[in-house]
Amino acid sequence: MSDITLILLCAGNSSRFELSSKKQWLRTENSPLWLFVTKRLSSFYSFNKIIIASHKDELNYMKNFTDDVTFVEGGETRQSSMKNALKEVTTDYVMVSDVARACIPKEVITNLIDAKNNADCIVPILNVSDTVVFKNDTINRDEVKLIQTPQLSRTEILINALNTDEEFTDDSSAIKNIGGTIEYIKGSLNSKKLTFEEDIQAIECIKAPSKNFFTGTGFDIHPFEDNKKMFLGGVNIDVDYGFKAHSDGDVLIHSVIDALLGACGAGDIGEFFPDTDERYKGADSKELLKHIVKFIYNVGYEIVNIDLTIIAQKPKINPYKNEIKSTMAQLLNLEKQFVNIKATTAEKLGFIGRSEGVAVQSIATLKYYEWERK
Ligand SMILES: Nc1ccn([C@@H]2O[C@H](COP(=O)(O)OP(=O)(O)OP(=O)(O)O)[C@@H](O)[C@H]2O)c(=O)n1
Ligand SMILES: C[C@](O)(CO)[C@H](O)COP(=O)(O)O
């Protein structure tokens, strides 16, 4: 059994990337980048264990993709994500890599492992061939190194090195800080880190996303409650009763949230906003939908359209249809033509027919965010 654990850091915010999808969630064919990188690295070497540090909002979702890795919640910084992941490591050695370095070649992994006994931390580097100016001075470029990941460290030493409030931008800097030894090996241009949008041009091992469409259905139902404001699709309906619920009871938005989550395979509304959680008592459902829409985009999807049916004996929906459409289109970041609303009575049958509440059924279609190499 190998004595090396792989940690893949995937908990960043991609704030410099500036696309609607986080870089770890870009699709290469049908695979999110983090899964592609995990499979790629594990095809090069049989690690004892693979640990993935995930953003807290994406941790549960990631678990739907594979049972072969251990997921941990990331932190605010790369270093805190690494510290969380290190708690799960039981081997003598640990290899830590950025998910943002998607195309690391096998040779780099093999060379790191071959050098594992030579120092406390083995680091791939690139030398610099351009002239380097630091502040205003041209400096000796032969003394400049560009540090890459993955880095292979003795686990105990890395844990000790990170037992500080000081922030380091990589593992080797922390180890150097406590007097540990470092060995530099040859890195690779193919290990370039995806940081800015234009870096996609250099990440050649990934293929375009598949053109598949994904559908999900949603259904929600709420009974009426007197003397409460009624909201449907984010619009205040002018009646003197509302919906009984833990939140504001916007049954239409709840149904749409479930359809969106269904389409991207992310469970249901209760997994994101439990009705036992005091934070969501009386919550404005528009805010819940905004959170979900951000999630959908972050994890690499775009919304194509939604269609829904409101089943209500009362109130009358027609006078509000257009406003609901506009409000929902804005919340979903869609053109109005891609939001369709139908309404029907229950022909006086059952509890809806007895005017005791309203149900909404919906369907959403998503596609992968279409990044392209120009
Ligand atoms: N809190 C954080 C921050 C970063 N990372 C990971 O550390 C690596 C290097 O970070 P970077 O490329 O800077 O990614 P982001 O932090 O997502 O990017 P940005 O700084 O532009 O927000 C990435 O694999 C990233 O997912 C992490 O696991 N936890
Ligand atoms: C660890 C690293 O990739 C080495 O070059 C780099 O320091 C990460 O920096 P970032 O600012 O977190 O992208």
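Note that the structure is a prediction, hence the values are computed from the model and not measured. (Residues numbered from 1 in each chain as written. Chains lettered and ligands numbered in written order. Predicted model: local features only at pLDDT ≥ 70, side-chain atom pairs only at ≥ 80, totals over all residues. Heavy atoms only, no water.)

Quick word on the state of the cysteines
Part 1 of the reasoning: This structure, assessed with the given rule, holds 1 disulfide.
Part 2 of the reasoning: A disulfide bridge connects Cys-103 with Cys-205, and the sulfur atoms are separated by 2.0 Å. Taking the sign of the torsion about the S-S bond as the criterion, the disulfide between Cys-103 and Cys-205, at about -85°, is left-handed. Of this pair, Cys-103 sits in the loop between β6 (93–98) and α4 (106–114) while Cys-205 sits in the loop between β12 (182–186) and β13 (213–226), placing them 102 residues apart in sequence.
Part 3 of the reasoning: With relative accessibility at 5%, the residue Cys-103 sits in the buried group.
Part 4 of the reasoning: Residue class for Cys-205 comes out partly exposed when judged on its relative accessible area of 25%.
Part 5 of the reasoning: With no disulfide of its own, Cys-10 has Cys-205 as its nearest cysteine by sulfur position, at a separation of 14 Å.
Part 6 of the reasoning: Its relative accessible area of 1% is what places Cys-10 among the buried residues.
Part 7 of the reasoning: Free cysteine: Cys-264, not disulfide-bonded; nearest cysteine sulfur from Cys-10 at 18 Å.
Part 8 of the reasoning: The class of Cys-264 is buried, set by a relative accessible area of 5%. (Disulfide = S-S within 2.5 Å. Helix = DSSP H or I, 4+ residues; strand = E, 2+ residues; numbered from the N terminus. Buried < 20%, exposed > 50% of the residue type's maximum accessible area, 1.4 Å probe, protein only.)

Details of the domain arrangement of the protein chain
Part 1 of the reasoning: By domain assignment, the protein chain separates into domain 1 (4–202) and domain 2 (213–368).
Part 2 of the reasoning: Averaged C-alpha coordinates put domain 1 and domain 2 at centres separated by 41 Å.
Part 3 of the reasoning: Between domain 1 and domain 2, the residue contacts involve 11 residues of the former and 12 residues of the latter.
Part 4 of the reasoning: Taking both sides of the interface into account, the surface hidden between domain 1 and domain 2 amounts to around 960 Å²; carbon and sulfur atoms contribute 53%.
Part 5 of the reasoning: The largest per-residue losses of area from domain 1 upon contact with domain 2 belong to Ser-20, Arg-27 and Tyr-61, which jointly make up 51% of the total buried on that side.
Part 6 of the reasoning: At the junction of domain 1 with domain 2, the criterion picks out 0 salt bridges.
Part 7 of the reasoning: Counting across the domain 1 and domain 2 interface gives 5 residue pairs in polar contact (both at pLDDT 80 or more).
Part 8 of the reasoning: Here the residues of the side of domain 1 that touches domain 2 sort into 2 nonpolar, 4 polar and 5 charged. (Domains from an automatic or database assignment. Contact = heavy atoms within 4.5 Å. Buried area = accessible area lost by both parts, 1.4 Å probe. Salt bridge = Lys/Arg side-chain N within 4 Å of Asp/Glu carboxyl O. Polar contact = N/O pair within 3.5 Å; in protein donor to acceptor, adjacent residues only side chain to side chain. Nonpolar A, V, L, I, M, F, W, Y, C, P; charged D, E, K, R; others polar.)

Considering the UniProt feature "binding site: a divalent metal cation" (unreviewed entry) in the protein chain
Part 1 of the reasoning: The UniProt entry lists Asp-220, His-222 and His-254 under the feature "binding site: a divalent metal cation" (unreviewed entry), expressed in the numbering used here. A maximum C-alpha distance of 10.1 Å among these annotated residues, which run over 35 residues, shows that they cluster at one spot.
Part 2 of the reasoning: A polar atom in the side chain of Asp-220 sits 3.3 Å from the side chain of His-254.
Part 3 of the reasoning: Here His-254 is to be found in helix α7 (residues 251–263).
Part 4 of the reasoning: If sequence neighbours within four positions are ignored, His-254 has contacts with Asp-220, His-222, Ser-247, Asp-248, Gly-249, Ile-269 and Ser-285. (UniProt positions renumbered as here; feature names shortened; annotations may be inferred.)

Side note on the packing of α7 against helix α10 (residues 321–332)
Part 1 of the reasoning: At a minimum axis separation of 13 Å, α7 and α10 run at an interaxial angle of 40°. Relative to α10, the element α7 lies oblique. Here the hand of the crossing between α7 and α10 comes out right-handed. Residues Leu-252, Ile-253, Val-256 and Leu-260 of α7 pack against Ile-324, Met-328, Leu-331 and Leu-332 of α10.
Part 2 of the reasoning: For the contact of α7 with α10, the class distribution of residues is 8 nonpolar, no polar and no charged. (Axes fitted to C-alpha atoms, helices over the stretch in contact; angles between N-to-C directions. Parallel < 35°, antiparallel > 145°, perpendicular 65-115°, else oblique. Left-handed = near helix turned anticlockwise from the far one by under 90°.)

Thoughts on the site of ligand 2
Part 1 of the reasoning: Taken together, Arg-16, Arg-78, Asp-98, Arg-101, Ile-147, Thr-149, Thr-169, Asp-170 and Lys-193 make up the full set of residues adjacent to ligand 2.
Part 2 of the reasoning: In this structure, an oxygen atom belonging to ligand 2 sits 2.5 Å away from a main-chain N or O atom of Ile-147.
Part 3 of the reasoning: Contact between ligand 2 and Thr-169: an oxygen atom at 3.0 Å from a main-chain N or O atom of the residue.
Part 4 of the reasoning: Compared with its free state, where it exposes 360 Å², ligand 2 has 73% of that area covered by protein.
Part 5 of the reasoning: Here ligand 2 occupies the largest pocket.
Part 6 of the reasoning: Partitioned by chemical class, the residues of the shell around ligand 2 number 1 nonpolar, 2 polar and 6 charged. (Near = heavy atom within 4 Å. Areas by Shrake-Rupley, 256 points an atom, 1.4 Å probe, with all protein chains shown as cover. 1 Å grid on protein atoms, 1.4 Å probe; cavity = no way out; pocket = protein on both sides within 12 Å on 5 of 7 lines; lining within 4 Å. Sits in = over half its atoms within 2 Å of the grid points.)

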